[in-house]
Amino acid sequence: MPTIQFQLNGTATAVETDPDQTLLDVLRGRLGVTSPHFGCGAGECGACHVMVGDRAMASCDMPMWSVANKEVVTVEGLGTADQPHPLQRAFISEQAMQCGYCVSGILISAAAVLKRNPSPTEAEVRTALDRNLCRCGSHNRMVRAVLRAAAEMATS
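Below is a summary of the structure that appears in this document. (Residues numbered from 1 in each chain as written. Predicted model: local features only at pLDDT ≥ 70, side-chain atom pairs only at ≥ 80, totals over all residues. Heavy atoms only, no water.)

1. Here's the deal with the overall build of the protein chain
The following threshold applies: Going along the chain from the N terminus, every DSSP run of H or I of four or more residues is numbered as a helix, and every run of E of two or more is numbered as a strand. Just to be clear, the radius of gyration here is over C-alpha atoms, and the globule rule we use is 2.2 Å times residues to the power 0.38. A simple rule labels every residue: compare its accessible area, found with a 1.4 Å probe on the protein chains alone, to the largest value its type can have, and call it buried under 20%, exposed over 50%, or partly exposed in between.
When you go through the protein chain residue by residue, the secondary structure sums to five helices and five strands. For the protein chain, the sequential pattern of α-helices and β-strands runs β-β-α-β-β-β-α-α-α-α. Computed over its C-alpha atoms, the radius of gyration of the protein chain comes to 15 Å, within 12% of the 15 Å expected for a compact globule of 156 residues. Reported as C-alpha extents along the three principal axes, the dimensions of the protein chain are approximately 45 × 30 × 25 Å. Every one of the 156 residues in the protein chain was classed for burial, and the buried ones make up 46%.

Here you go:
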């Protein structure tokens, strides 16, 4: 079996795997990275989003060969319990998490938009989060949290 090499949360990672196995399966099953969740399995709900480069991508239908030599970031790579990312602090402050199942994918979508555009408008944030489903109805709080994090990041 070939070895696929990539950066995972800033660390060089090599995995001997079937190149057609999904990134989500490798992250959760082989590497113990649990933030991306299996949702729809078709790249439609956003629960499995990871950041590849500066884009939020569905890992549930992303073959391992497609991340070779690329940078992959999960929520584990955003911040820590001791030093949370501004998005994580803002989501807590705005009480933007309910059941939590979708939140990791939404945090990654938000981090990707802030990486490309540090000062997004509310409409741009809503567009960026449009590919993430949340059945708890927390989208308005999530949008406020992303804008709050953008403001905090602009002043620090």
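2. A short note on helix α2 (residues 86-93)
Put simply, the rule is: Contacts are assigned to residue pairs with any non-hydrogen atoms lying within 4.5 Å of each other.
All of the buried residues in α2 are Pro86, Leu87, Gln88, Ala90 and Phe91. Looking at the buried positions of α2, the neighbouring elements they touch are α3 (103-116) and α5 (139-155).

3. Some remarks on the pairing of strand β3 (residues 49-52)
This is how it is decided: Strands are treated as partners if at least two bridges between them are detected by DSSP.
The alternating pattern of β3 places His49 and Met51 on one face and Val50 and Val52 on the opposite face, and all of these are buried. In this sheet, strand β4 (residues 55-58) lies alongside β3 in antiparallel orientation, the contact comprising four bridges. Residue histidine 49 lies in a different strand from β4, and its bridge partner there is alanine 58. Hairpin connection, β3 to β4: the antiparallel pair is bridged by two residues, and glycine 53 has positive phi, about 70°. Bridge count for β3 against strand β5 (residues 71-73) is two bridges, and the pairing is antiparallel. Looking across to β5, one finds that methionine 51 is bridged to valine 73.

4. Let's talk about the side chain of asparagine 132
The condition is simple: In protein, a polar contact requires one atom able to donate a hydrogen and another able to accept it; more generally it is a pair of N or O atoms within 3.5 Å, and residues adjacent in sequence count only if both atoms are side-chain atoms.
Residue placement: asparagine 132 occurs in the loop between α4 (122-128) and α5. From its side chain, asparagine 132 meets the backbone oxygen of glycine 105 in a polar contact 3.4 Å long. The residues contacting asparagine 132, other than those within four sequence positions of it, are Cys45, Gly46, His49, Gly105, Ile106, Ser109 and His139.

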